[in-house]
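Overview (structure and organization)
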Amino acid sequence: GVSCIACVAGKYKSVAGSEDCRLCAPGKYSTHPGADSVDKCIVCDAGKYSNSFGADSVQTCLVCGAGTYSSAFGVTACLLCPSLSNSPSASISSAACRCNPGSTGDTVENCQVCQTGSYKEEAGSALCLLCAEGSS
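Report follows, based on the coordinates.

About the thresholds
Residues numbered from 1 in each chain as written. Predicted model: local features only at pLDDT ≥ 70, side-chain atom pairs only at ≥ 80, totals over all residues. Heavy atoms only, no water. Salt bridge = Lys/Arg side-chain N within 4 Å of Asp/Glu carboxyl O. Buried < 20%, exposed > 50% of the residue type's maximum accessible area, 1.4 Å probe, protein only. Helix = DSSP H or I, 4+ residues; strand = E, 2+ residues; numbered from the N terminus. Contact = heavy atoms within 4.5 Å. Disulfide = S-S within 2.5 Å.

1. Details of the pattern of salt bridges
Here the structure, examined in full by the defined rule, presents two salt bridges. As a salt-bridge pair, Asp36 and Lys40 come within 2.9 Å of each other at their nearest N and O atoms. According to the relative accessible area criterion, Asp36 is partly exposed, its value standing at 44%.

See the structure below:
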């Protein structure tokens, strides 16, 4: 007779027969063997991503690095903050992106370098301050 073997974690099979088990798609993982539906593949949380096929652990969902974000679940890559802006790691929204020190803008999409003779020490949308007379 034919012996059946459960699909390993990270794979599933939703039909009976000799068809091979299928891999969970990137952005998802499955921790339990014997999964019988693609719905058993769990999506990575917002602020994380995974580009691994057949992932079998939540640890394959990696935190979005500084300067990136992910507002969606189950993504394979994080999105970059606009030019001259940054965000903390694990950011879940573009709102976490803020103009870098030394640049300013009314929105994060409009960050521009402070003009010569001015500065800004903190991240965010604050205005650049004029340098004291006699300094640059």
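So much for the structure itself; the text now carries on.
2. Topic: unusual backbone geometry
Positive phi, normally seen in glycine, also occurs at Leu84, with a value near 65 degrees. Within the element layout of this structure, Leu84 appears in the loop between strand 8 (79-80) and strand 9 (85-86). Its relative accessible area of 31% is what places Leu84 among the partly exposed residues. Even without glycine at this site, Ala90 takes up a positive phi of about 70 degrees. Residue placement: Ala90 occurs in the loop between strand 9 and strand 10 (98-99).

3. Topic: the side chain of Thr68
Looking at the element boundaries, Thr68 is found in strand 7 (residues 68-69). Residue class for Thr68 comes out buried when judged on its relative accessible area of 12%. Thr68 has contacts with Cys78, Leu79, Leu80, Cys81, Ser87, Pro88 and Ser91, leaving out every residue within four places of it along the chain.

4. Let's talk about the environment of Thr116
Within the secondary structure, Thr116 sits in the loop between strand 12 (112-113) and strand 13 (118-119). By relative accessible area, Thr116 is classed as exposed at 85%.

5. Remarks on the state of the cysteines
Inspection of the entire model under this criterion finds seven disulfides. Paired by a disulfide, Cys81 and Cys97 hold their sulfur atoms 2.0 Å apart. Residues Cys81 and Cys97 are joined by a disulfide whose S-S torsion is about -75 degrees; by sign, that bridge is left-handed. Of this pair, Cys81 sits in the loop between strand 8 and strand 9 while Cys97 sits in the loop between strand 9 and strand 10, and the two are 16 residues apart along the sequence. Using a relative accessible area of 10% as the deciding quantity, one classes Cys81 as buried.

By themselves, these observations are geometric and do not establish any function.
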